[in-house]
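# Structural features, examined
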Amino acid sequence: MKRTHKLTLTAMMIAIGTISSSLVSIPIGFTKVFPVQHFLNVLSAVLLGPYYAVAQAFCVSLLRNLMGTGSVFAFPGSMVGALLASLLFWKTRKIYLAFIGEVIGTGILGALLSYPIATLILGQKASLFGFIPLFIFSSFAGALIGFVILTIFSKNNVVNLADSKAVNK
C-alpha cells in the first residue's frame, strides 16, 4: 500500500472518529466512553500498521478534546490500545490478536495510565482500578465490531490480510 493511500485512509478514520464522537460518546463519571475509537483502532492496526494507528488515535483524541466531546483520558487509552493491537497483528497476522491487543492495551494498560492523570494532574479522587471496568467495556464493544468486520472482509476477499506484509511497514 502506498504512503498516500495510507495517509488518506488515516485521515478518513480521523474524520469518522471526530464526527461520530458527538453522536456515540457516553459520559460516565469524569470519563467519556467512546467505542467507535476502539473500532477504528482495530481497523487501523490491521490495515495500516503501528505508526498510522497511533497517529490516528492521537489525532482523534486531540480533536475530540478540542471540540469538548472527549476527555484527557482518551490519549493514554486509545494510543496504547492502538499500539498494542497493531504490534500483535504485525507480528502474528491474526485479527483476533489485534482485538485482544486493543482490549488489553486500552482496557488495562490505558486505564492504569489514566489513574495518575486523574489524581495528579486533574486532582480528582479515583481508585487505581476504577477506570478498568469502564475502559474494558468500551474497548471490548468497539474492538469486537472491528474484529467482526475485518473477519468478514477477509473471508470475502474484500481485503487480503495474509499476503500484505508491506501493509504494516
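Now for a description of the structure that goes with this document. (Residues numbered from 1 in each chain as written. Predicted model: local features only at pLDDT ≥ 70, side-chain atom pairs only at ≥ 80, totals over all residues. Heavy atoms only, no water.)

### Section: the nonpolar core
What counts, and what does not: To form a nonpolar core, buried Ala, Val, Leu, Ile, Met, Phe, Trp, Tyr and Cys residues must be joined to one another through side-chain atoms within 4.5 Å. Each residue's exposure class comes from its accessible area (1.4 Å probe, protein chains only) as a fraction of the maximum for that residue type: buried when under 20%, exposed when over 50%, partly exposed otherwise. Helical segments are the DSSP runs of H or I of at least four residues, strand segments are the runs of E of at least two, and each set is numbered from the N terminus.
Judged by nonpolar contacts, the single largest core of 23 residues is most densely connected at Leu47 and Leu150. When residues of this core are traced back to their parent elements, those giving at least two are helix H1 (3–24), helix H2 (35–47), helix H3 (50–67), helix H4 (74–92), helix H5 (95–121) and helix H6 (131–155). With eight residues, H2 is the largest single contributor of residues to this core. Counting residues in hydrophobic clusters, the runner-up holds seven residues, among them Phe73, Ile117, Ala118 and Phe135.

### Description of the environment of Ser139
Filter applied, for reference: In what follows, residue pairs with any heavy atoms lying within 4.5 Å of each other are defined as contacts. Think of a polar contact as two N or O atoms within 3.5 Å of one another; within protein, one of them needs to be a possible hydrogen donor and the other a possible acceptor, and neighboring residues in sequence only count if both atoms come from side chains.
With respect to the helices and strands, Ser139 occurs in helix H6. The exposure class of Ser139 is buried, given its relative accessible area of 0%. For the pair formed by Ser139 and Asn41, sequence separation is 98 residues and the distance between their alpha carbons is 9.5 Å. Not counting chain neighbours up to four residues away, the residues in contact with Ser139 comprise His38, Glu102, Val103, Thr106, Gly107 and Leu144. Here the side chain of Ser139 touches Ile136 through a polar contact of 3.2 Å, landing on its backbone oxygen.

### Re unusual backbone geometry
The phi dihedral of Arg93 falls on the positive side, at around 65°, and the residue is not glycine. Counting through the fold element by element, Arg93 comes out in the loop between H4 and H5. Here Asn157, not a glycine, exhibits a phi torsion of approximately 55°, which is positive. Among the structural elements, Asn157 can be located in the segment after H6.

### Things to note about the environment of Pro35
Checked against the element boundaries, Pro35 lands in helix H2. A C-alpha to C-alpha distance of 9.1 Å links Pro35 and Ile145, two positions 110 residues apart in sequence. Excluding residues within four positions of it along the chain, Pro35 makes contact with Val24, Ser138, Ala141 and Gly142.

### Description of the packing of H1 against H2
Defined as follows: Simply put, an axis is a line fit to the C-alpha atoms, just over the touching stretch for a helix, and the angle between two N-to-C directions goes from 0 to 180 degrees. Any angle from 65 to 115 degrees is called roughly perpendicular, while one under 35 is roughly parallel, one over 145 is roughly antiparallel, and all others are oblique. Left-handed describes a crossing whose near helix is turned anticlockwise from the far helix through less than a right angle; right-handed describes the clockwise counterpart. When residue character is reported, Ala, Val, Leu, Ile, Met, Phe, Trp, Tyr, Cys and Pro are called nonpolar, Asp, Glu, Lys and Arg charged, and the others, Gly included, polar.
One way to put it is that H1 packs onto H2 with a least axis distance of 9 Å and a crossing angle of 165°. The angle between H1 and H2 places the two elements in the roughly antiparallel class. Where H1 crosses over H2, the handedness of that crossing is right-handed. Taking contact as the criterion, the partners of Met13, Ile16, Gly17, Ser20 and Val24 in H1 are, on H2, Pro35, Val36, Leu40, Leu43, Ser44 and Leu47. Across the contact of H1 with H2, the residue classes break down as eight nonpolar, three polar and no charged.

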